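Results of the structural survey
As a plain string of letters, each chain reads:
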Amino acid sequence: MSEKEENFYLIRSDFLPDSMRKTLEVKELLARGKVASVFEAVKQVGLSRSAFYKYRDAIYPFKRVMNERIITLFFHLDDRAGALSNLLTTVAEAGGNILTIHQTIPLQGKANVTLSLNVEEMQVEIEELMVMIKNIPSIEKVEILSAGG
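We now turn to the structure provided with this report. (Residues numbered from 1 in each chain as written. Predicted model: local features only at pLDDT ≥ 70, side-chain atom pairs only at ≥ 80, totals over all residues. Heavy atoms only, no water.)

**Some thoughts on the packing of aromatic side chains**
Given two aromatic rings, their pairing is described by the distance between the two centres and the angle made by the two planes. Inclusion rule: For Phe, Tyr and Trp, where Trp contributes only its six-membered ring, two rings pair if their centres lie within 6.5 Å, and the inter-plane angle classes them as stacked under 30 degrees, edge-to-face over 60, or tilted in between. Remark: exposure states derive from per-residue accessible area (1.4 Å probe, protein chains only) relative to the maximum for the residue type, with buried under 20%, exposed over 50%, and partly exposed in between.
Taken as a whole, this structure holds one aromatic pair when the rule is applied. Relative to Tyr53, the ring of Phe52 lies with its centre 5.3 Å away and its plane at 65°, an arrangement referred to as edge-to-face. Overall, Tyr53 belongs to the partly exposed group, its relative accessible area being 39%.

Printed below as a string of structure tokens:
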């Protein structure tokens, strides 16, 4: 499997398609607890659920990501020996300071893991860390849940 190169761009918000802007609105509603579900949030902003799920892992407010030093990451991790250890080692080698770890009991061969990291002294950019983590064979999915100071 070839590595997928991820490129990031800075785009002025008025050039974004409505569906991307509305995806950011939905994420904000969910993050602030203003709505109880994705269904409720997309209905409120006038966006389809499929559009939200298409863009949610691809668009983040620039100011929020650049200013924040604590991030929370979510993973689907294979239930096999050493999987969590490999993830934690990768984060530590990048200089991320792990603040919290939450892992669910594995179901159907997968466990959900949430990590909160202080990235202030990381030797790599967050985007590079995400690529490093995605290259770990036991990681099925990784996404940024939040960034906060």
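**Description of the pattern of salt bridges**
Worth spelling out the cut-off: Any Lys or Arg side-chain nitrogen found within 4 Å of a carboxyl oxygen on Asp or Glu counts as a salt bridge. Secondary structure elements follow DSSP: runs of H or I of four or more residues count as helices, runs of E of two or more count as strands, with numbering from the N terminus.
Evaluation of the coordinates by the stated rule reveals eight salt bridges. In this structure, the salt-bridge partner of Asp18 is Arg21, at a minimum N-O distance of 2.6 Å. Taken together, the residues Asp18 and Arg21, both in helix 1 (residues 18–31) and three residues apart, mark about one turn of the helix. As a salt-bridge pair, Arg56 and Glu143 come within 3.9 Å of each other at their nearest N and O atoms. Taken together, the positions of Arg56 in the loop between helix 3 (49–55) and helix 4 (62–67) and Glu143 in strand 4 (residues 139–148) put the pair 87 residues apart, joining distant regions of the chain. Classification of Glu143 by relative accessible area gives buried; the value is 9%. Through salt bridges with shared partners, a single ionic network connects Asp78, Arg80, Lys110 and Glu140.

**Quick look at the pairing of strand 2 (residues 97–103)**
As a reminder of what qualifies: DSSP bridges decide pairing: two strands pair if at least two such bridges lie between them.
The sheet contact formed by strand 2 and strand 3 (residues 110–118) spans six bridges and is antiparallel. Within the sheet, the bridge partner assigned to His102 lies in strand 3 and is Thr114. Connecting strand 2 to the next strand, strand 3, in antiparallel fashion are six residues, including Gln108 with a positive phi near 50°.

**A short note on the side chain of Asp78**
Note the cut-off: Only heavy atoms matter for contacts: two residues are in contact if any of them lie within 4.5 Å across the pair.
Its location among the elements puts Asp78 in strand 1 (residues 70–78). Of the residues examined, Asp78 reaches a relative accessible area of 18% and is grouped as buried. In contact with Asp78, other than residues within four places in its own chain, are Ala83, Gly109, Lys110, Pro137 and Ser138.

**Thoughts on a nonpolar patch on the surface**
For clarity, the cut-off: Residues enter a patch when their relative accessible area is above 30% and they make no salt bridge; the linking distance is 9 Å between like charges and 5 Å between nonpolar side chains (Val, Leu, Ile, Met, Phe, Trp, Tyr). Computed with a 1.4 Å probe, the accessible areas rest on the Shrake-Rupley method; for each residue, only the protein chains presented here act as cover.
Taken together, Tyr9, Ile11 and Phe15 make up a surface patch of nonpolar side chains, about 410 Å² in accessible area. The exposed category is assigned to Phe15, whose relative accessible area is 58%.

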